[in-house]
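Survey of secondary and tertiary structure
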Amino acid sequence: MTYGDRPVESNSRSLVMEDEFEGLEEYEIIDTDDLEVEIEMSSTSEEEEELNEYESDTEFERKMSCIPTTDHASLIFSKHTGSVYCIGLHPQDENIVITGGQDEKPYIWNTQTGEVLMESDKFSDSVLNVAFNHDGKYVAAIDMGGKIQVWKTLPTGFNEVWDTKIDDVQWMRWHPQANVLLVGESSGSVYMWKIPSGECKVLPGHRDLADVGAFMPDGKRAVICYIDGSIRVFNLANGNVCMKYDSPDIQLETVISLDVHPDNNLIAVGTISSRLYLLKTQGVKSAQQFMCVEEHEKGSEAVTTSVEYVVFSRKLPYNVIVAATDNALHVYDYVKSEERGYIPIEEGVTRLVWPEGKHIVYVGTKVGKIAVCDIRALKRIGTLEGHSKSILDLAITKDAKTLFTTSDDHTVRLFPVDELMSQFGNSTE
């Protein structure tokens with residue numbers, strides 16, 4: 001089932017030739033009888049070089065794309081005309097979603113009918129992040145240029161209630177209980193806005209980019225991770241730093257992933273150098289480290305794997321954290337400080353989502369497939385197909401029955417995973 005016009009992929013390419021006559025300082029007399037032969041030889045050489053370059057690019061594109069043999073999706077939304085970077089689900093009505101991407105336009109649409117409920121043309125750069133607030137009464141979108149727009153959800157539609165413009169935006173988070181937006185920008189500043197009044201508080205700046213951030217579960221504190229490896233925990237009432245970790249203390253490098261534990265104390269951060277850290281945000285400082293080294297890098301000094309995503313288990317009878325590196329999932333028992341297992345993802349990891357209380361993790365890949373992994377059995381149990389290019393975002397309904405995926409192929413797909421897992425001979429329970 002498809003809604004909207006399907007995008008047409010362009011195979012055209014532009015060949016840029018470098019100047020061959022660079023830095024000539026001497027003149028040479030050329031016999032005009034040989035000129036035609038020299039031109040023909042040069043032309044042939046250039047054509048071969050262009051052909052080799054084209055074949056090389058085509059081979060790369062072939063490896064990084066996927067022509068699916070089947071399509072497990074029950075619905076395809078294809079209104080977007082560029083890569084779809086992000087998706088947000090309404091917390092009360094999961095038939096309503098918002099998506100945004102490269103075409104500089106967020107869409108709010110109904111997943112049952114495909115009807116577009118709202119679209120905005122007020123953005124001038126790619127839409128980087130979209131999200132509903134905790135009760136679905138407000139929905140926000142930001143673009144890479146720093147524009148932020150918020151709408152109020154009404155019975156008759158969506159009404160714009162607030163917008164602003166700051167420097168380049170890195171990320172956005174809604175408060176877990178209040179109508180407050182937390183936004184990090186490239187300068188290191190972190191803003192908090194009350195919605196819809198627009199009342200603003202700025203958390204004390206840092207010398208480097210605020211790469212990732214999140215509210216703690218109680219909503220009274222926020223943790224911000226910076227590109228230099230520094231981590232700050234802020235008291236939101238007064239804006240003071242109540243806990244900090246500096247990179248020299250625990251050998252942190254650039255932090256690129258973050259999750260907060262439901263216990264309101266523990267946080268997990270992943271770095272570009274294969275390190276996963278578990279840190280306490282209250283009481284005495286405590287740091288626990290795991291090295292997320294992939295199989296092909298074991299015993300090698302040149303470890304280049306980055307920890308792209310970290311996720312704590314929730315509502316499960318075991319203390320587990322999953323770390324996603326470039327080509328694998330690493331499963332750790334953080335109470336026993338030991339690795340429970342390793343699940344290879346040869347297609348390359350882009351995103352993951354872990355439904356609460358389930359043992360199934362869905363992993364987006366660089367070739368458009370979704371790997372279905374059983375954390376309890378420590379193995380991959382299936383693959384969802386449909387997309388033809390890299391998965392850019394994932395979201396799943398609270399009942400864990402429907403998976404939403406966005407992709408570089410300009411589409412959003414809905415997978416009835418509860419039904420599909422039964423067909424595959426597995427259960428999500």
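See the structure printed just above.
Residues numbered from 1 in each chain as written. Predicted model: local features only at pLDDT ≥ 70, side-chain atom pairs only at ≥ 80, totals over all residues. Heavy atoms only, no water.

With that out of the way, let us pick up the overall build of the chain. Of the regular secondary structure elements, the chain holds three helices and 33 strands. Residue burial in the chain is summarised as follows: out of 429 residues, 51% are buried. Residue pairs at least 24 apart in sequence account for 46% of intrachain contacts in the chain once pairs closer than 6 positions are excluded. Roughly 20,900 Å² of accessible area belongs to the chain as shown, and the carbon and sulfur atoms make up 46% of that amount. (Helix = DSSP H or I, 4+ residues; strand = E, 2+ residues; numbered from the N terminus. Buried < 20%, exposed > 50% of the residue type's maximum accessible area, 1.4 Å probe, protein only. Contact = heavy atoms within 4.5 Å. Areas by Shrake-Rupley, 256 points an atom, 1.4 Å probe, with all protein chains shown as cover.)

Following Ile195, the chain continues to Pro196 via a peptide bond in cis, the omega torsion being 10°. For Pro196, the location among the structural elements is in the loop between β13 (190-194) and β14 (200-203). For Ser274, which is not glycine, the phi torsion reads 75° and is therefore positive. Looking at the secondary structure, you find Ser274 in the loop between β20 (266-271) and β21 (275-280). You can call Ser274 buried: its relative accessible area is 0%. Even without being a glycine, His410 presents a positive backbone phi close to 80°. Looking at the secondary structure, you find His410 in the loop between β32 (403-407) and β33 (412-415). For His410, a relative accessible area of 12% puts it in the buried group.

Turning to the side chain of Asn265, a few remarks are in order. Mapped onto the fold, Asn265 is located in the loop between β19 (255-260) and β20. What makes Asn265 buried here is its relative accessible area of 18%. What Asn265 contacts, discounting residues up to four positions off in sequence, is Met216, Leu279, Lys280, Thr281 and Gln282.

We now examine the pairing of β19. Among the six residues that make up β19, five are buried, leaving the element largely enclosed by the rest of the structure. Here β19 runs beside β20; their pairing, made up of five bridges, is antiparallel. Across the sheet, Val260 pairs through a bridge with Ile267, a residue of β20. Linking β19 to β20, which pair antiparallel, is a turn of five residues; within it Asn264 sits at a positive phi near 70°. (Pairing = 2+ DSSP bridges.)

Here we take up the packing of aromatic side chains. Considering all chains together, one arrives at six aromatic pairs under this definition. Among the aromatic residues, those joined into a ring-pair cluster are Phe77, Tyr107 and Trp109. Note that Lys285 overlies the ring of Tyr245, its terminal NZ or CZ placed 5.3 Å from the centroid. (Phe/Tyr/Trp six-rings, centres within 6.5 Å; stacked < 30°, edge-to-face > 60°. Lys NZ or Arg CZ within 6 Å of the ring centre and 35° of its normal.)

Note on placement: Gly136 falls in the loop between β7 (127-132) and β8 (138-143). Between the C-alpha atom of Gly136 and that of Lys152, which follows or precedes it by 16 residues, the distance is 8.7 Å. Beyond its immediate chain neighbours, meaning those up to four positions away, Gly136 contacts His90, Pro91 and Thr153.

Now for the sheet that holds strand β5 (residues 107-110). Strands sit in the order β3-β4-β5-β6 across an open sheet of four strands; the sheet is antiparallel. Edge strands, defined here as strands with exactly one partner in the open sheet, are β3 (84-89) and β6 (116-119). Direction aside, the axes of adjacent strands within the sheet are offset by 20° on average. Bridge count between strand β4 (residues 96-101) and β5: four bridges; the pairing is antiparallel. Counterpart to Ile96 in the pairing with β5 is Asn110. (Axes fitted to C-alpha atoms, helices over the stretch in contact; angles between N-to-C directions.)

Under the defined criterion, the tally for this structure stands at nine salt bridges. When the shortest N-O distance is used, the salt bridge between Asp71 and Arg413 registers 2.9 Å. Taken together, the residues span a long stretch of sequence, with Asp71 in the loop between α1 (32-63) and β2 (75-77) and Arg413 in strand β33 at a distance of 342 residues. Residue classification places Arg413 among the buried positions, given a relative accessible area of 4%. For Asp409, the salt bridge goes to Arg413, with nearest N and O atoms at 3.8 Å. With respect to class, Asp409 is no different from Arg413; both count as buried. (Salt bridge = Lys/Arg side-chain N within 4 Å of Asp/Glu carboxyl O.)

Turning next to the environment of Val353. Structurally, Val353 can be placed in strand β27 (residues 349-353). Residue Val353 is classed as buried on the basis of its relative accessible area of 14%. Expressed as a C-alpha distance, the spacing of Val353 and Gly364, which sit 11 residues apart in the sequence, is 8.6 Å. Those residues within four positions of Val353 in sequence are excluded, and the remaining contacts are Val361, Tyr362, Leu394, Ile396 and Leu403.

Here we take up the pairing of strand β28 (residues 360-365). Most of β28 is tucked away: six of the six residues are buried. Residues of β28 alternate between two faces, with Ile360, Tyr362 and Gly364 on one and Val361, Val363 and Thr365 on the opposite face, all of them buried. Between β27 and the antiparallel strand that follows it, β28, lie six residues; Gly357 among them carries a positive phi value of about 75°.

Attention now moves to the sheet that holds strand β10 (residues 157-165). One open sheet holds the four strands; their spatial order is β7-β8-β9-β10, and the pairing between them is antiparallel. Taken across any chain shown, the strands that pair with only one partner, and hence form the sheet edges, are β7 and β10. The mean angle between the axes of side-by-side strands here comes to 20°, regardless of whether they run parallel or antiparallel. The sheet contact formed by strand β9 (residues 147-154) and β10 spans eight bridges and is antiparallel.

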